[in-house]
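Architecture and fold: a report
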Amino acid sequence: MVNSRVEASAVAVTGGGGGSAGRSCAGCGGRIADRFLLFSMERYWHTRCLKCSCCHAQLGEIGTTCYSKGGMILCKNDYIRLFGHSGACSACGQSIPASEMVMRAQGNVYHLKCFTCATCRNRLVPGDRFHYVNGTIFCEHDRPGGALLSSHLTSLQGNGMMPDQKVKG
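In what follows, the accompanying structure is described. (Residues numbered from 1 in each chain as written. Predicted model: local features only at pLDDT ≥ 70, side-chain atom pairs only at ≥ 80, totals over all residues. Heavy atoms only, no water.)

Considering all chains together, one arrives at zero disulfides under this definition. The cysteine C120 is free of any disulfide, with C117 supplying the nearest cysteine sulfur at 3.7 Å. A residue is classified by how much of its surface remains accessible, and C120, at 31% relative accessible area, is partly exposed. (Disulfide = S-S within 2.5 Å. Buried < 20%, exposed > 50% of the residue type's maximum accessible area, 1.4 Å probe, protein only.)

Set out below in structure tokens:
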């Protein structure tokens with residue numbers, strides 16, 4: 001079972017000095033002898049080892065917060081990209097496990113089963129054309145207002161459905 005709990009953790013930079021002797025890095029397992037080290041998620045890290053699982057940015061350099069979900073460590077931008085602002089499905093409000101495939105539309109994230117037409121309840125899949133009107137999804141056949149909204153027609157591309165990325169250790 002995948003742990004879908006999200007933890008936002010502060011990234012604290014502390015001086016290494018003599019007090020860090022014997023501390024091991026949670027990332028590489030090596031001894032931390034650097035002048036500065038990071039403390040996040042109740043563990044110590046080399047500054048070069050605490051990285052976003054997706055973009056590999058060094059988290060101590062880009063901010064003071066990182067996110068942990070499903071075994072991934074993420075920067076704020078990648079967390080929002082993968083899980084939306086809340087980490088929950090925009091349709092049902094339930095948590096989205098890190099291992100689950102998702103659909104994305106207009107910056108929102110959905111469970112596959114929740115990405116459905118508001119009128120006929122048919123599930124939309126990559127390649128289907130749909131309308132996104134005031135946060136509501138409509139299939140091509142059930143669009144409200146007929147041809148008036150043709151400029152809002154969107155086609156799901158193959159990248160509309162993505163598995164969450166895992167780090168290979």
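Attention shifts here to the packing of aromatic side chains. Taken as a whole and assessed by the stated rule, the structure comprises four aromatic pairs. Taken together, a centroid distance of 4.7 Å and an interplanar angle of 50 degrees make the contact between F39 and Y44 tilted. Residue classification places F39 among the partly exposed residues on the basis of a relative accessible area of 27%. Of the residues examined, Y44 reaches a relative accessible area of 26% and is grouped as partly exposed. (Phe/Tyr/Trp six-rings, centres within 6.5 Å; stacked < 30°, edge-to-face > 60°.)

What follows concerns the environment of F138. Along the chain, F138 turns up in strand β10 (residues 136-139). In this structure the C-alpha to C-alpha distance between F138 and F115, which are 23 residues apart in sequence, comes to 9.7 Å. Once you skip the residues sitting within four places of it in the chain, F138 turns out to touch C117, A118, T119, F130, H131, V133, R143 and P144. (Helix = DSSP H or I, 4+ residues; strand = E, 2+ residues; numbered from the N terminus. Contact = heavy atoms within 4.5 Å.)

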